[in-house]
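Summary of structural features
So the chains spell out like this:
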Amino acid sequence: QKEVEQNSGPLSVPEGAIASLNCTYSDRVSQSFFWYRQYSGKSPELIMSIYSNGDKEDGRFTAQLNKASQYVSLLIRDSQPSDSATYLCAVSGGSARQLTFGSGTQLTVLP
Amino acid sequence: SQTIHQWPATLVQPVGSPLSLECTVEGTSNPNLYWYRQAAGRGLQLLFYSVGIGQISSEVPQNLSASRPQDRQFILSSKKLLLSDSGFYLCAWRTPHGYTFGSGTRLTVV
């Protein structure tokens, strides 16, 4: 059974701070890793993908992958109230490369 | 352009009634398609996936079925809905850049 674990939160940070979201996965052969943002009542929106060990930066977002530790993280710099959402970690594997999702971390950025 | 469409947006159905949710993609051919369900306050659970016409794989045994009658069409069905079928149903499509979700159908079974 493939598992993806996230800190359930909720996580609150002040505006302008760094938000750190963590995720671990159980399937060692997983190759692709994704972070989705989901606003209440909406469908998930892809914000970052990462495929190799190390850091990947895109604007205020940085994804970090450590395959040896089976660990993925997302850093959000200069957090804004508009970043308040649930963040879902997803890992791709299987014959159709289907995604397995964590339960999500709810982030609130306080003005 | 490549887009994914899902309808209806909301649905209220009585217990025991049938269900049909449709998902279509545009701007691509032979896509991998997926149906997920999200219960209130929970993560996404994979229900079905399809790698081609007529090819359906089920991840969780339950009261639902899926079909792929055309290359870019994926349908989720039920003959008789249960209260436990309530949730947010999402269709997804694997693109070269990641997975894109439709806007979802919020189903309430009453």
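Residues numbered from 1 in each chain as written. Chains lettered and ligands numbered in written order. Predicted model: local features only at pLDDT ≥ 70, side-chain atom pairs only at ≥ 80, totals over all residues. Heavy atoms only, no water.

Points about the interface of chain A and chain B
Counting residues at the interface gives 20 residues for chain A and 21 residues for chain B. For the pair chain A and chain B, the two sides together bury roughly 1400 Å², of which 54% comes from carbon and sulfur. Sorting the residues of chain A by area buried against chain B places A:Ala96, A:Gln98 and A:Phe101 first, and these three jointly supply 30% of that buried surface. Linking chain A with chain B are 0 salt bridges, by the criterion used here. Our count for the chain A to chain B interface comes out at 5 residue pairs in polar contact (both at pLDDT 80 or more). For the side of chain A that touches chain B, the secondary-structure elements that each account for two or more residues are strand S4 (32–38), strand S5 (45–50), strand S9 (85–93) and strand S10 (98–101) of chain A. (Contact = heavy atoms within 4.5 Å. Buried area = accessible area lost by both parts, 1.4 Å probe. Salt bridge = Lys/Arg side-chain N within 4 Å of Asp/Glu carboxyl O. Polar contact = N/O pair within 3.5 Å; in protein donor to acceptor, adjacent residues only side chain to side chain. Helix = DSSP H or I, 4+ residues; strand = E, 2+ residues; numbered from the N terminus.)

Looking at the state of the cysteines
All names here are of chain A. Tallying each qualifying case throughout the model produces 2 disulfides over all chains. Through a disulfide, Cys-23 is tied to Cys-89; the S-S separation comes to 2.0 Å. With the S-S bond torsion at -75 degrees, the cross-link from Cys-23 to Cys-89 turns out left-handed. Linking Cys-23 in strand S3 (residues 19–25) with Cys-89 in strand S9, this pair joins segments that are 66 residues apart in sequence. (Disulfide = S-S within 2.5 Å.)

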